[in-house]
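Here is what each chain is made of, one letter per residue.
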Amino acid sequence: NDESLRALALDRETVCGSFCPRTVHHQDSFPGCPLEAAVALQSPVETEVWDAGHETWIRACMYPLRLKAQDGRGLYLHFSRDITAEHRAAEAVAQSLEHQKALVELLWRLQSVESADQAIRELFDIASTRSWMHGTLRAAGYRVGADHLERVVCQGLSADEEAVCARRAIGGCVCDEVVRS
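Given the structure is predicted, the values throughout are model-derived calculations rather than measurements.

A. Inspection of unusual backbone geometry at higher detail. In this structure, Gln42 is a non-glycine residue whose phi angle is positive, near 50°. For Gln42, the position within the fold is in the loop between helix H4 (35-41) and strand E1 (45-51). According to the relative accessible area criterion, Gln42 is partly exposed, its value standing at 47%.

B. Spatial organisation of the pattern of salt bridges. Scanning the entire structure with this criterion turns up 11 salt bridges. Here Asp125 ties to Arg109 by a salt bridge, and the two come within 2.6 Å at their closest N and O atoms. Taken together, the residues span a long stretch of sequence, with Asp125 in helix H6 (residues 116-128) and Arg109 in helix H5 (residues 84-110) at a distance of 16 residues. Relative accessible area serves as the criterion here: at 35%, Asp125 is assigned to the partly exposed category. A residue is classified by how much of its surface remains accessible, and Arg109, at 23% relative accessible area, is partly exposed. Among the ionic pairs, Arg143 bridges to Glu150, the shortest N-O distance being 3.2 Å.

C. View of the pairing of E1. The pairing of E1 with strand E2 (residues 56-68) spans 7 bridges and is classified as antiparallel. By the bridge assignment, Thr47 is partnered in E2 with Ala60. Where E1 folds back on E2, the antiparallel hairpin that results is connected by 4 residues, among which Glu55 adopts a positive phi of roughly 50°.

D. Seen up close, the side chain of His148. Structurally, the position occupied by His148 is in strand E5 (residues 148-155). Given the relative accessible area of 14%, His148 is considered buried. A polar side-chain atom of His148 sits 3.1 Å from a polar atom in the side chain of Asp147. With residues near it in sequence (within four places) discarded, His148 still touches Arg143, Arg167, Arg168, Ala169 and Ile170.

E. Molecular detail of the sheet that holds E5. Strands sit in the order E4-E5-E6 across an open sheet of 3 strands; the sheet is antiparallel. The open sheet is flanked by strand E4 (139-144) and strand E6 (167-169), the only strands paired with a single partner. Between one strand axis and the next, the sheet turns through 35° on average, direction left out of account. Across 3 bridges, E5 lies against E6 in antiparallel orientation. Each bridged residue has a counterpart across the sheet, and for Leu149 the counterpart in E6 is Arg168.

F. Representation of a nonpolar patch on the surface within the structure. Taken together, the side chains of Leu65, Leu67, Leu75, Leu77 and Phe79 define a hydrophobic patch exposed on the protein surface, amounting to about 430 Å² of accessible area. Only E2 and strand E3 (74-82) provide two or more residues apiece to the nonpolar patch. Per element, the largest residue contribution to the nonpolar patch is 3 residues, and it comes from E3. For Leu65, the location among the structural elements is in strand E2. The exposure class of Leu65 is partly exposed, given its relative accessible area of 33%.

About the thresholds
Residues numbered from 1 in each chain as written. Predicted model: local features only at pLDDT ≥ 70, side-chain atom pairs only at ≥ 80, totals over all residues. Heavy atoms only, no water. Helix = DSSP H or I, 4+ residues; strand = E, 2+ residues; numbered from the N terminus. Buried < 20%, exposed > 50% of the residue type's maximum accessible area, 1.4 Å probe, protein only. Salt bridge = Lys/Arg side-chain N within 4 Å of Asp/Glu carboxyl O. Pairing = 2+ DSSP bridges. Polar contact = N/O pair within 3.5 Å; in protein donor to acceptor, adjacent residues only side chain to side chain. Contact = heavy atoms within 4.5 Å. Axes fitted to C-alpha atoms, helices over the stretch in contact; angles between N-to-C directions. Patch = residues over 30% accessible without salt bridge, like charges linked within 9 Å, V, L, I, M, F, W, Y side chains within 5 Å. Areas by Shrake-Rupley, 256 points an atom, 1.4 Å probe, with all protein chains shown as cover.

Take a look at the structure:
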């Protein structure tokens, strides 16, 4: 359609009858393209594909037609649609659900804690295992004293950072901004 042509900066004459991977993706094949599967199965194929070149999710559909080309070769009807917004919305819903589950788990665990330090450890444990942390968490959990921060738990800190951050006077540390908020 016209919107796709504008988005790809192509014209109808260039696209019609051309080999899609070369015309659109500038390569001889496109991983996930449904054409090969539709030819092999002789049935419609619909799939979702990440197009790294355009940084979009595509719903790609290929339908074999009963009509044949003049030379006898099969004809296929190809539709594609940008579904990036739908993917982002689904990811946001999944992350929101994960946040909600983490909160419920935390509230459940906090019912049995006996100290503030244990509560900090429980919170840290739950937060550090969530997908949004991507396994690269560098963090520390602190108890706030009258004039200092005392580390209760940490992960991913170097030995030097652990030594410096074990107990700190309030003032001069990036963690102080959290204490003030």
